[in-house]
Amino acid sequence: MLGNLNPTWGLLLILDEAQHVGDFKNIPDKKIQVTSTLTKIHNGKFPYPVILLAAGLGQTEESFRLHGVSKFKGGCFVELGALDKAAESAVIKDWLIKGGGVKGDPAPWIEMIAQKTHGWPQHITAYGDVVAKQIQNDHGEMTKEGLDIVYQVGKERREAYYKQRAKGISGKERSSLAKLIQNIAPEKGIDREDIESILLQEYDDPDKASSLFKRAVERGILHSQDEVYNIPIPSMRSWLISNYVRERKEFPYSPQPNPVLRDRDFGKDSMER
């Protein structure tokens, strides 16, 4: 398809959810097409300039490797994470002023909302949209009742995002992941081999342990940085631990005598006989 185009100034291609490029690795015809296209873009083989802007989850780099793109030009591969405090505050401020038309100094609200968003862009957007609409409804005023609504709706949207990320991972599996990371400092993380070793102790099946690890990475629950894995969003880590780290309660089955029959004379006589 790209070969039939001849743009005057070049072509900018934008690919979201780019981690799915790897899904074509086992489909021969599709793999050939994807590999050929990426190779031409990567090596500048089109008769006009082409830039590919790809965004995806942690396995995106590996997905490109499967199609022959083994390295990226310096500065072209960026691992996105949380915004720094200054950038986070600036974005929230724009939501309050440009989006909501707030009256007065928004600094206190910026600080309070930032405590909920943890610098994570998706959370900033979720809370920002709510706060802008709430301030509009309150005619530009920042009220305590309005902030309570922002907190509540923002929390619901945040947790909906976590549940979406965890879709396809069972409650028991979520519990396994939560127990895995609860005693690991967020800034340290854990190696893949250690993760699979710990999961293997629980599931006693290498395929199940490997499958859970793979799905956790694919869903963006676990993220790798310098080959060390952790949950990238602090509030998601807290959500997983608080909801899925549970003490296992054993319910051993031991038959108990029926209290009605036990007190009957004929039951007692039968046992004696």
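Just so you know, the residues in each chain are numbered from 1, in the order the chain's sequence is written. In keeping with the model being predicted, local features are shown solely for residues with a pLDDT of at least 70 and side-chain atom pairs are shown and tallied solely at 80 or more, while totals for entire chains, interfaces and linings include all residues. The basis for every side-chain value is the complete set of heavy atoms in the structure, and neither hydrogens nor water enter the calculation.

Asker: Can you lay out the environment of Pro106 for me, pointing to particular residues and giving the numbers?
Answerer: Positionally, Pro106 belongs in the loop between helix H3 (85-99) and helix H4 (107-117). Between two residues, a contact is recorded if the distance between any of their heavy atoms is within 4.5 Å. Every residue in contact with Pro106, bar those within four places of it in the chain, is listed here: Leu96, Ile97 and Met142. Numbered from the N terminus, helices here are DSSP runs of H or I no shorter than four residues, and strands are runs of E no shorter than two.

Asker: Describe in detail the nonpolar core, supporting the description with residues and values.
Answerer: Only buried Ala, Val, Leu, Ile, Met, Phe, Trp, Tyr and Cys residues count toward a nonpolar core, and they belong to the same one when joined by side-chain atoms within 4.5 Å. Exposure classes here rest on a 1.4 Å probe applied to the protein chains alone. A residue is buried below 20% of its type maximum, exposed above 50%, and partly exposed in between. Counting 29 residues, the largest nonpolar core has Leu177, Ile195, Ile221 and Leu222 as the members making the most contacts within it. For this core, the elements supplying multiple residues, two or more each, are helix H6 (144-165), helix H7 (171-181), helix H8 (192-203), helix H9 (206-218) and helix H10 (234-244). In contact with Leu177, other than residues within four places in its own chain, are Ile169, Leu212, Ala216, Ile221, Leu222 and Leu240. Formed by 14 residues, the second largest nonpolar core is a distinct cluster that contains Leu96, Ile110, Ile135 and Val150.

Asker: Give me the pattern of salt bridges: which residues, what numbers.
Answerer: The rule for a salt bridge is simple: a side-chain nitrogen of Lys or Arg has to be within 4 Å of a carboxyl oxygen of Asp or Glu. One pass over the full model with this rule turns up 11 salt bridges. Asp129 is the salt-bridge partner of Lys133, the closest N and O atoms lying 3.4 Å from each other. Of this pair, Lys133 and Asp129 both sit in helix H5 (residues 121-137), 4 residues apart, which is roughly one turn of the helix. Note on Lys133: relative accessible area 45%, which makes it partly exposed. Here the salt bridges share partners, and the residues they tie into one network are Glu61, Glu62 and Arg65.

Asker: Give me the environment of Ile221: which residues, what numbers.
Answerer: Tracing the chain through its elements places Ile221 in the loop between H9 and strand S4 (223-225). For Ile221, a relative accessible area of 2% translates into the label buried. Along the backbone, Ile221 and Ile231 are 10 residues apart, and their C-alpha atoms lie at a distance of 5.7 Å.

Asker: I'd like to hear about the packing of H5 against H6, residue by residue, with values.
Answerer: Interaxial distance between H5 and H6 falls to 9 Å at its minimum, and their mutual angle equals 145°. Note that H5 runs across H6; the crossing there is right-handed. Taking contact as the criterion, the partners of Gln122, His123, Ala126, Tyr127, Asp129, Val130, Val131 and Gln134 in H5 are, on H6, Gly146, Ile149, Val150, Tyr151, Val153, Gly154, Lys155, Arg157, Arg158, Tyr161 and Tyr162. Under this grouping Gly is polar, as are all residues other than the nonpolar Ala, Val, Leu, Ile, Met, Phe, Trp, Tyr, Cys and Pro and the charged Asp, Glu, Lys and Arg. The residue inventory of the contact of H5 with H6, partitioned by class, reads 10 nonpolar, 5 polar and 4 charged. Axes, fitted as lines to C-alpha atoms, cover a helix only where it is in contact. Angles between the N-to-C directions of the axes lie from 0 to 180 degrees. Note on convention: the crossing is left-handed when the near helix lies turned anticlockwise from the far helix by less than a right angle, right-handed when the turn is clockwise.

Function cannot be read off these values alone, since they describe shape.
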